[in-house]
Amino acid sequence: MMKAHRKVVNMKEASTQASRDRSSSAQGAPGSSSIAILAQLTESDFATNYRDAMRPVLLRGGCATWTACRRWSPQYFDQVAGSLTVPVKTLNSGDIKVSSWRLAEYVRLIMEQPPREDEVPSNAGAIPYCHDIPLLGLVETLAADCQPFPAELLSPWYRQHWWRYSQFFMGPAGTITPLHFDSLLSHNLFFQIYGTKTFTIIPSTQADLCGRRGWRWFDVDPEQPDYVRFPQYRDATPAVITVSAGDMLYMPPGTLHHVRSLSASISFNIDWHNEQSVLDALAQPPDEIPTEVKYYNAITALAVIAKIPEAITFPLYRPYLSYVS
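Basis of the calculations
Residues numbered from 1 in each chain as written. Predicted model: local features only at pLDDT ≥ 70, side-chain atom pairs only at ≥ 80, totals over all residues. Heavy atoms only, no water. Helix = DSSP H or I, 4+ residues; strand = E, 2+ residues; numbered from the N terminus. Buried < 20%, exposed > 50% of the residue type's maximum accessible area, 1.4 Å probe, protein only. Core = buried A, V, L, I, M, F, W, Y, C linked by side-chain atoms within 4.5 Å. Contact = heavy atoms within 4.5 Å. Axes fitted to C-alpha atoms, helices over the stretch in contact; angles between N-to-C directions. Parallel < 35°, antiparallel > 145°, perpendicular 65-115°, else oblique. Left-handed = near helix turned anticlockwise from the far one by under 90°. Salt bridge = Lys/Arg side-chain N within 4 Å of Asp/Glu carboxyl O. Expected span 1.5 Å × (residues − 1). pLDDT = per-residue confidence, 0-100.

Colleague: What should I look at first to understand the environment of lysine 197 in this one?
Modeller: On the secondary structure map, lysine 197 appears in strand 10 (residues 197-202). A residue is classified by how much of its surface remains accessible, and lysine 197, at 2% relative accessible area, is buried. With 63 residues separating them in the primary sequence, lysine 197 and arginine 260 have C-alpha atoms 5.5 Å apart.

See below:
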């Protein structure tokens with residue numbers, strides 16, 4: 001597939017502007033890191049210029065031809081999986097509360113929430129969020145709606161049953177995932193199916209500017225940064241990018257990202273390793289990385305590097321898909 005169009009978003013934007021105009025391109029200084037926005041992308045271009053170069057990229061319309069983008073909605077999941085009991089997370093004052101909901105009940109909550117497109121609610125974190133659940137692995141027929149899936153972008157271990165490794169997100173407008181990086185320091189392919197989100201993306205090299213808390217969470221709010229508490233954040237180069245239905249976003253290992261749903265939203269992602277990324281993750285200082293993360297990365301190394309069959313490794317890896325850090 002040949003590239004038809006390229007646009008570059010520089011990794012610098014005043015955070016006050018981010019809250020006023022989430023859909024605008026980020027403006028930056030010459031030489032800063034960048035996010036490419038493409039209309040088409042070849043496997044070799046992805047591997048060379050983005051995965052191996054550790055550069056994020058947005059493929060505009062990358063999954064727009066999927067049946068999922070025409071079919072999936074909160075009401076659709078009520079029909080096909082409404083009786084399922086799923087974990088729902090509520091974030092309040094930095095604490096995560098996990099409760100069990102029937103999916104049909106959660107869909108009703110989504111439909112009752114008012115639109116928040118132009119509003120930044122102070123209690124947004126308290127909105128219950130159906131977040132990081134392995135729904136496609138539980139309802140495997142959903143994978144047929146996601147064709148043609150770009151499995152060639154993933155390492156071989158993930159390709160045959162890619163949906164087993166996916167994590168699903170559905171929620172009303174206003175749901176937020178605070179600034180963080182992905183637990184395993186893995187590559188991230190993200191697919192927006194329904195609705196719109198904004199991502200604030202910060203390079204992994206700037207983690208020390210963002211008020212790190214624990215292994216992977218950060219106390220800076222990129223939408224309303226507290227420069228008195230975090231004066232060093234003035235040196236960060238965040239990019240704010242809108243991800244709409246049909247878009248695919250790639251983020252390299254360790255990329256910090258803050259995510260807000262601008263509307264009712266459905267999406268999923270796959271955290272995946274290649275040989276280099278899993279070796280880099282295993283090389284992290286042992287006193288910093290949680291025991292569970294070490295374990296799941298070790299299992300992944302057996303699969304990706306040692307080529308232990310999926311039938312052996314996936315049952316050991318499966319609990320990661322419901323892991324709450």
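Colleague: How should I be thinking about the nonpolar core in this particular structure?
Modeller: Residues Trp72, Phe77, Trp162 and Phe268 are the most contacted members of the largest nonpolar core, which totals 91 residues. Residues within four places of tryptophan 72 in sequence aside, it is in contact with Phe77, Leu136, Leu142, Asp145, Cys146, Phe168, Ile193, Tyr194, Ile266 and Phe268.

Colleague: Explain the packing of helix 8 (residues 275-282) against helix 9 (residues 291-304) to me, please; I cannot follow it from the model alone.
Modeller: Relative orientation and spacing of two packed helices are given, respectively, by the angle between their axes and the distance between those axes. At a closest axis distance of 10 Å, the pairing of helix 8 and helix 9 adopts a crossing angle of 150°. Judged by the angle between their axes, helix 8 and helix 9 are roughly antiparallel. Seen along the crossing, helix 8 lies across helix 9 with a hand that is left-handed. Touching Glu275, Val278, Ala281 and Leu282 of helix 8 are Lys294, Asn297, Ala298, Thr300, Ala301 and Val304, all from helix 9.

Colleague: Where do I start with the pattern of salt bridges in this structure?
Modeller: Where charged atoms from two side chains of opposite charge approach closely, those side chains can pair. Going through the model one piece at a time under the given rule, you end up with eight salt bridges. Put simply, aspartate 247 and arginine 60 hold a salt bridge, and the shortest N to O gap is 2.5 Å. In this pair, aspartate 247 sits in the loop between strand 13 (239-243) and strand 14 (248-251) while arginine 60 sits in the loop between strand 3 (57-59) and helix 3 (68-71), placing the two residues 187 residues apart along the sequence. By relative accessible area, which is 3% here, aspartate 247 ends up buried. The closest approach of N and O atoms between arginine 260 and glutamate 223, which form a salt bridge, is 2.7 Å. In this pair, arginine 260 is assigned in strand 15 (residues 256-261) and glutamate 223 in the loop between strand 12 (217-218) and strand 13, connecting sequence segments 37 residues apart. Accessibility classification places arginine 260 together with glutamate 223 in one group, the buried group. When salt bridges with common partners are traced through the structure, they connect Arg213, Asp219 and Arg229 into a single cluster.

Colleague: Where do I start with helix 9 in this structure?
Modeller: Side chains of residues three or four places apart in an α-helix project in the same direction, reflecting 3.6 residues per turn. Its 14 residues give helix 9 an end-to-end C-alpha distance of 20 Å, which sits within 8% of 20 Å, the value for a rise of 1.5 Å per residue. Listing the buried residues of helix 9 in full gives Val293, Tyr296, Asn297, Ile299, Thr300, Ala301, Ala303 and Val304. In this fold, the buried residues of helix 9 make contact with helix 7 (156-159), helix 8 and helix 10 (310-317).

Colleague: Please explain the confidence of the model for the chain as it appears in this structure.
Modeller: Reading fine detail from the predicted coordinates is not recommended where pLDDT is low. Considering every residue of the chain, the mean pLDDT works out to 88; 86% of them sit at 70 or more. A low-confidence stretch, residues 1-6 (pLDDT under 50), is modelled with 18 contacts involving residues beyond four sequence positions or located in other chains.

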